[in-house]
Amino acid sequence: MFKNGDTVCFFGDSITAQGKFIQRVYNYYLKTLGIKLRMYNFGVLGDCAKNAIKRIEMILNKKPSHVVMMFGMNDVERDLYSPLLTDGVTDDIIAKRRGAIDCCVEYQKQIADIFISHGAKVIFCRPTLYDEERDIECENRVGVAHALYEIGERLESAAKSYNADVINYSQPFLIAQRNA
């Protein structure tokens, strides 16, 4: 997908900021394919698409050929899925959940428009999995996984109109679970 000399910027939240995936991509292209890339990590802990739009200029300064973009985990506002909601799941909470999903998708489309207008190819990433059935000390936030899935579905649909690729980190895990 990438060619020698491309500048690839990774743009997202803490999952991006961690950088492990980026290092693997870099190593694969260099060591396996012999392709040299300039890669930059623009992931920020706790970030969401709405806030990230303010950081676009930093990325444009690198003159990216590609921008790999992943948001969603913070965009869904996980507190809206808290089992500690004192009034339960009201119509207001449901509307806020829908609004958070809409906001995430719309801001990512706005961000994509900006990068594309500057000649970069955008690669959307579906949000990673959220396990709401794990055994942990605090209560799980049931509904977050579905919200992230919906963001991913809507990004897949949007990607078609941009002729953009989509990375789905969850696919191998979902297939494994289905085959278990």
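All figures in this text were calculated on a predicted structure; none of them were measured in a lab.

Caption draft 1: Fine view of the overall build of the protein chain. Secondary structure assignment for the protein chain yields 7 helices and 5 strands. Buried residues in the protein chain amount to 42% of all 180 residues. The long-range fraction of contacts in the protein chain, counting pairs at least 24 apart against all pairs at least 6 apart in sequence, stands at 78%. In the form shown here, the protein chain has an accessible surface area of approximately 10300 Å², with 51% of it arising from carbon and sulfur atoms.

Caption draft 2: Summary view of the pattern of salt bridges. Here the structure, examined in full by the defined rule, presents 10 salt bridges. The partner of R154 in a salt bridge is D102, and the shortest N-O contact between them spans 2.7 Å. Taken together, the positions of R154 in helix α6 (residues 144-162) and D102 in helix α5 (residues 91-117) put the pair 52 residues apart, joining distant regions of the chain. Overall, D102 belongs to the partly exposed group, its relative accessible area being 31%. In this structure, D165 and K121 form a salt bridge, with 4.0 Å as the shortest nitrogen-oxygen distance. Here D165 is found in strand β5 (residues 165-167), whereas its partner K121 is found in strand β4 (residues 121-125), with 44 residues between them in sequence. Relative accessible area serves as the criterion here: at 32%, D165 is assigned to the partly exposed category.

Thresholds, definitions, all that
- Residues numbered from 1 in each chain as written.
- Predicted model: local features only at pLDDT ≥ 70, side-chain atom pairs only at ≥ 80, totals over all residues.
- Heavy atoms only, no water.
- Helix = DSSP H or I, 4+ residues; strand = E, 2+ residues; numbered from the N terminus.
- Buried < 20%, exposed > 50% of the residue type's maximum accessible area, 1.4 Å probe, protein only.
- Contact = heavy atoms within 4.5 Å.
- Areas by Shrake-Rupley, 256 points an atom, 1.4 Å probe, with all protein chains shown as cover.
- Salt bridge = Lys/Arg side-chain N within 4 Å of Asp/Glu carboxyl O.

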